[in-house]
Amino acid sequence: MRLILKREIMKHFNLLGLPEALNQALLHMQFSKPTPIQAQTIPHALGGRDILGSAQTGTGKTAAFGIPLVARLLSNSRGSALVMTPTRELATQVISQLQAMLGKRSQIKTALLIGGESMPNQLKQLRNRPRLLVGTPGRINDHLQQGNLMLHDTDILVLDETDRMLDMGFTSQIEKILKFMPKKRQTMLFSATLPNNIVKISEKYLNNPVHVAVDSALSPAKKIQHDVLRVSEGGKYRSLLSELDVRKGSVIVFVKTKYATEKMAKELSKAGHDADAIHGDLRQNKRESVLSNFRNQKYRILVATDVAARGLDIPHIEHVINYDLPHCAEDYIHRIGRTARAGAEGSAMCLITPENIEKWNIINRLMNPNAPNEKTNEHRYKRKRSGKSSGLKSNGKKFNRCINREAA
Ligand code: ADP
Ligand code: MG
């Protein structure tokens, strides 16, 4: 009986008993119906439970933790919340969605604590006694070490894109930050995938969590039209050009290295396309301007590395082109999750050369566990690992060894 009631309530946000300001804000943001991960998370999180949430990209995880978090800040005069994300861009995106939920008239101050930005500006935000802090682990630690930031009354903690934070080596930073926080708190941990290391961490950080999982976090969003194009190494760039010619709308092209992003953006510009590049070595204000120009559709093609593009929510991206395959199979799913956000349609394309068929097989089986293998003459990849299989169990856990990842 209670379950049925809950389901009815979750058909509409405004039946949840949220603070009126939040209802208004959601209306303004045109969020009327919760997405499945939101429907499953919000009632438990409003009740104060810890959450371990996993869902594929673009399913609305930000509001899944954001709505209960904002509801709690608005209805209590004390307490504060800390949200950690792996990259600066993601932190910026998350804080702006949370600020929108707080509403324009809110008295609640916020602070964005990310690397690459001036300390004085962040100190100014911190002096205003912010009750909502969003940032990346490195900079949050800097502020803690310098005594600029207190977390003793921070009773809500969110770890967003936790799989990525761990991949990027943030584990010890996160542990240090947790030491500054009260033991009695609500912790919400979100991740697109749930490899073993996340499950372990969740046992350590979370207290009797509700586990919410929607669909398989490892299958790409459903409305993506996915194509594979066989190319030779020498003909790859020409194929890209003709693919760009037949496509309309914004495109993100993934390449392997930072250097390759810049080189390709330059070549595409020479060929008459509007393109720019993003990678982890750009200065922060450059990264921001590249992104905001892309967001505002000032140019059409963004060439990116994996780290720079993780979690980005730019609704108008229509096509994802995988010029190079990622270092890590799971990144492929995150890449193509940049399109078809929130129920829109999108296309993804992958250029495969004979050299990377084996890698492609692994990625393909991660998305479609029953997919047959393609024939290949290359056994290097197999031999490097156990020798028995291509290093991937059917559930995809094994491939999760991501090497050569660039830092954000
Ligand atoms: P994820 O973190 O799961 O990758 P996001 O939280 O970034 O996904 O959300 C993806 C997109 O869906 C965003 O543009 C967001 O504004 C939109 N969105 C989220 N929840 C809703 C909702 N309930 N109704 C309409 N749009 C939503
Ligand atoms: Mg997200």
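Residues numbered from 1 in each chain as written. Chains lettered and ligands numbered in written order. Predicted model: local features only at pLDDT ≥ 70, side-chain atom pairs only at ≥ 80, totals over all residues. Heavy atoms only, no water.

Draft legend 1. View of the sheet that holds strand β7 (residues 210-214). The strand order across the open sheet formed by seven strands is β3-β4-β2-β5-β6-β1-β7, and the pairing between neighbours is parallel. Of all the strands in the sheet, the pair left with one neighbour each is β3 (110-113) and β7. Within the sheet, the average angular offset between the axes of one strand and its neighbour, ignoring direction, is 15°. Across four bridges, β3 lies against strand β4 (residues 132-135) in parallel orientation. Directly across from Ala 111, in β4, lies its bridge partner Leu 133. Where helix α4 (residues 61-75) meets the sheet, it contacts β1 (51-55), β2 (80-84), β4, β5 (154-159) and β6 (186-191), and its direction lies at approximately 165° from that of β6. (Pairing = 2+ DSSP bridges. Helix = DSSP H or I, 4+ residues; strand = E, 2+ residues; numbered from the N terminus. Axes fitted to C-alpha atoms, helices over the stretch in contact; angles between N-to-C directions. Contact = heavy atoms within 4.5 Å.)

Draft legend 2. View of the environment of Ile 362. You can see Ile 362 is positioned in helix α16 (residues 357-367). Residues Ile 362 and Glu 330, 32 residues apart in the sequence, show an inter-C-alpha distance of 9.8 Å.

Draft legend 3. Structural context of the packing of aromatic side chains. As enumerated under the stated definition, the model contains three aromatic pairs in all. Ring centres of Phe 294 and Tyr 299 lie 5.4 Å apart, and the angle between their planes is 35°; on these two criteria the pair is classed as tilted. Each member of the pair, Phe 294 as well as Tyr 299, carries the same accessibility label: buried. Each ring, one from Tyr 332 and one from Trp 360, has its centre 5.5 Å from the other, and the planes form 70°; the classification is edge-to-face. Of the two residues, Tyr 332 is situated in helix α15 (residues 329-336) and Trp 360 in helix α16; the sequence distance between them amounts to 28 residues. By the burial criterion, Tyr 332 is buried, and Trp 360 matches it. When the ring centre of Tyr 323 is taken as reference, the NZ or CZ atom of Lys 236 above it lies at 4.6 Å. (Phe/Tyr/Trp six-rings, centres within 6.5 Å; stacked < 30°, edge-to-face > 60°. Buried < 20%, exposed > 50% of the residue type's maximum accessible area, 1.4 Å probe, protein only. Lys NZ or Arg CZ within 6 Å of the ring centre and 35° of its normal.)

Draft legend 4. Spotlight on the site of ligand 1. Every one of the 16 residues lining ligand 1 counts as a neighbour, but Lys 33, Gln 38, Gly 58, Thr 62 and Asp 313 are closest to it. With respect to ligand 1, the side chain of Gln 38 contributes an N or O atom lying 2.8 Å from a nitrogen atom. Lys 61 is positioned with one of its side-chain polar atoms (N or O) 3.0 Å from an oxygen atom of ligand 1. Grouping the amino acids of the shell around ligand 1 by side-chain chemistry returns four nonpolar, eight polar and four charged. (Near = heavy atom within 4 Å. Polar contact = N/O pair within 3.5 Å; in protein donor to acceptor, adjacent residues only side chain to side chain. Nonpolar A, V, L, I, M, F, W, Y, C, P; charged D, E, K, R; others polar.)

Draft legend 5. Structural detail: the pattern of salt bridges. Taken as a whole, this structure holds ten salt bridges when the rule is applied. Here Asp 331 and Arg 164 are joined by a salt bridge, their closest N and O atoms 2.8 Å apart. Placement of Asp 331 in helix α15 and of Arg 164 in helix α8 (residues 162-167) is noted, with a sequence separation of 167 residues between them. Taken as a pair, Asp 331 and Arg 164 share a single burial class, namely buried. Here Lys 263 makes a salt bridge to Glu 267, at a shortest N to O gap of 3.9 Å. Taken as a pair, Lys 263 and Glu 267 lie in helix α12 (residues 258-270) at a separation of four residues, close to a single helical turn. A relative accessible area of 29% means that Glu 267 is categorised as partly exposed. (Salt bridge = Lys/Arg side-chain N within 4 Å of Asp/Glu carboxyl O.)

Draft legend 6. Local environment of the nonpolar core. One finds Ile 67, Leu 69, Val 83, Met 101 and Leu 132 to be the most contacted residues of the largest nonpolar core, which totals 39 residues. It is α4 that contributes the most residues to this core, eight residues altogether. Apart from the residues within four sequence positions on either side, Val 83 is in contact with Phe 65, Leu 69, Val 94, Leu 98, Leu 132, Leu 133, Val 134, Gly 135 and Val 158. Among the nonpolar cores identified, the runner-up in size contains 29 residues, and Ile 278, Leu 302, Ala 348 and Trp 360 belong to it. (Core = buried A, V, L, I, M, F, W, Y, C linked by side-chain atoms within 4.5 Å.)

Everything listed here is a matter of geometry and, on its own, says nothing about what the molecule does.
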